[in-house]
Amino acid sequence: MEASRKFEVMKTKSKGVIFDIKKYALHDGPGIRTTVFLKGCPLNCWWCHNPEGQNPEPERIWNNQNTQREIIGREVSVDEVMAEIEKDLIFYDESNGGVTFSGGEPLMQPVFLDHLLIACQEQDLSTTLDTCGYASWETIERIKEKVDIFLYDLKMIDDTKHKKYTGVSVVPILSNLKKLDLEGKNIIIRLPVISGITDTEENISQLIKWTSHLQIVKEINLLPFHKSGFSKYIKLNRENKLLDLDPPSQERLDQLLDTFRSNGFTATIGG
Ligand code: SF4
């Protein structure tokens, strides 16, 4: 995928493409949440466990039996999404939970996302945005006051390696993170722990050095690589470059927790 890939798909109507709505989510922000997965991502990470979220359009994939095809993704209105969200208001209230927008990359559908966030605000719902941060600053400016918590993916600092493993430059991702931090936003960094790629001593020390210049951000979730999305690559007829990679050991994760904590971070596995 080219580094020049477009940041986002501009839609002028309050409809967008989603590929899932997950109820009772416990790892996508505080409390019990509903997570809405918006389709489309400008990145193409080697370890992506939601590859069906990358293409911005609904697409046909092979089903488990490899005999028929099913369609992943559907166009929905803001009202349709809110109707699903509103079914669980009682759980959000009781758990201090709310709604998380994930993907794919939600910022790729900025108008739809903006309208969803406004609808959540009207219901006084807590909002979390799970983002890779690869978007124009104009797009982030549009939505930033309507997001309570940013779950901000940060994978690596070296731009050449970032382009190799994700398809895009890290420069706008770092720039947007710095600006959000300067504005005092509530941000939790999320680091996918991919052995030999993101967990190298070089990358970890570059991450710590770079983030030490941030004013506010001092929390990090480590997201260990796992293979649960692998069957989707077969269904999508897509190459899986990390087929033989193992998840990181508990020992390595504990080392990383110690490293981040000793550098002033609140660090946890998962989030
Ligand atoms: S940013 Fe997330 S959704 Fe997009 S390709 Fe990477 S892992 Fe997949």
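Everything here concerns the structure above.
This one's a predicted model, so the numbers in the text were calculated from it and none came from an experiment.

**Student:** Looking at this structure, how should I read the pattern of salt bridges?
**Tutor:** Pairing is possible between side chains that carry opposite charge, provided their charged atoms lie close to one another. Inspection of the entire model under this criterion finds 17 salt bridges. Across the pair lysine 23 and glutamate 84 runs a salt bridge, and its minimum N-O distance is 3.5 Å. Placement of the pair is lysine 23 in strand β1 (residues 15–25) and glutamate 84 in helix α1 (residues 78–86), with a sequence separation of 61 residues. A relative accessible area of 26% places glutamate 84 in the partly exposed class. Note that glutamate 183 is salt-bridged to lysine 144, the shortest N-O span being 2.9 Å. A residue pair is termed long-range when its members are at least 10 positions apart, and glutamate 183 in the loop between α6 (171–182) and β9 (187–193) and lysine 144 in the loop between α4 (137–143) and β8 (149–153) qualify at 39 residues. Judged by relative accessible area, glutamate 183 falls into the partly exposed class, the value being 36%. Here the salt bridges share partners, and the residues they tie into one network are Lys23, Glu84, Lys87 and Asp88.

**Student:** Looking at this structure, I do not really get the site of the ligand. What am I missing?
**Tutor:** Taken together, the neighbourhood of the ligand is formed by Cys41, Leu43, Asn44, Cys45, Cys48, Gln54, Gly104 and Cys132. Residues belonging to the shell around the ligand are distributed by class as follows: 5 nonpolar, 3 polar and no charged.

**Student:** For this particular structure, what's the right way to read unusual backbone geometry?
**Tutor:** What is expected of a backbone is that most residues other than glycine have negative phi and most peptide bonds are trans. With an omega dihedral of 15°, the bond running from glycine 103 to glycine 104 counts as a cis peptide bond. Relative to the assigned elements, glycine 104 resides in the loop between β6 (98–103) and α3 (110–122). Within the chain, asparagine 237 stands out as a residue other than glycine whose phi angle is a positive 60°. Residue class for asparagine 237 comes out exposed when judged on its relative accessible area of 68%.

**Student:** Where do I start with α3 in this structure?
**Tutor:** Note that an α-helix has 3.6 residues per turn; residues three or four places apart therefore point the same way. Compared with an ideal rise of 1.5 Å per residue, which puts 13 residues at 18 Å, α3 spans 18 Å between its outermost C-alpha atoms and is within 8% of the ideal. For α3, the complete set of buried residues consists of Pro110, Val111, Phe112, Leu113, Asp114, Leu116, Leu117, Ala119 and Cys120. The positive-phi residue at the C-terminal boundary of α3 is aspartate 124, with phi of around 60°.

**Student:** Whenever I open this one, the nonpolar core confuses me. Can you help?
**Tutor:** Formed by 70 residues in total, the largest nonpolar core has its most connected members in Val36, Trp47, Phe101 and Phe260. The leading source of residues in this core is α3, at 6 residues. The contact partners of tryptophan 47, leaving out residues within four places of it in the chain, are Lys155, Met156, Tyr165, Thr166, Pro192, Ile194, Ile197, Thr198, Phe225, Tyr233 and Leu242. Residues Phe19, Ile61, Ile72 and Leu236 belong to the second largest nonpolar core, which totals 5 residues.

Rules of the game
- Residues numbered from 1 in each chain as written.
- Predicted model: local features only at pLDDT ≥ 70, side-chain atom pairs only at ≥ 80, totals over all residues.
- Heavy atoms only, no water.
- Salt bridge = Lys/Arg side-chain N within 4 Å of Asp/Glu carboxyl O.
- Helix = DSSP H or I, 4+ residues; strand = E, 2+ residues; numbered from the N terminus.
- Buried < 20%, exposed > 50% of the residue type's maximum accessible area, 1.4 Å probe, protein only.
- Near = heavy atom within 4 Å.
- Nonpolar A, V, L, I, M, F, W, Y, C, P; charged D, E, K, R; others polar.
- Expected span 1.5 Å × (residues − 1).
- Core = buried A, V, L, I, M, F, W, Y, C linked by side-chain atoms within 4.5 Å.
- Contact = heavy atoms within 4.5 Å.

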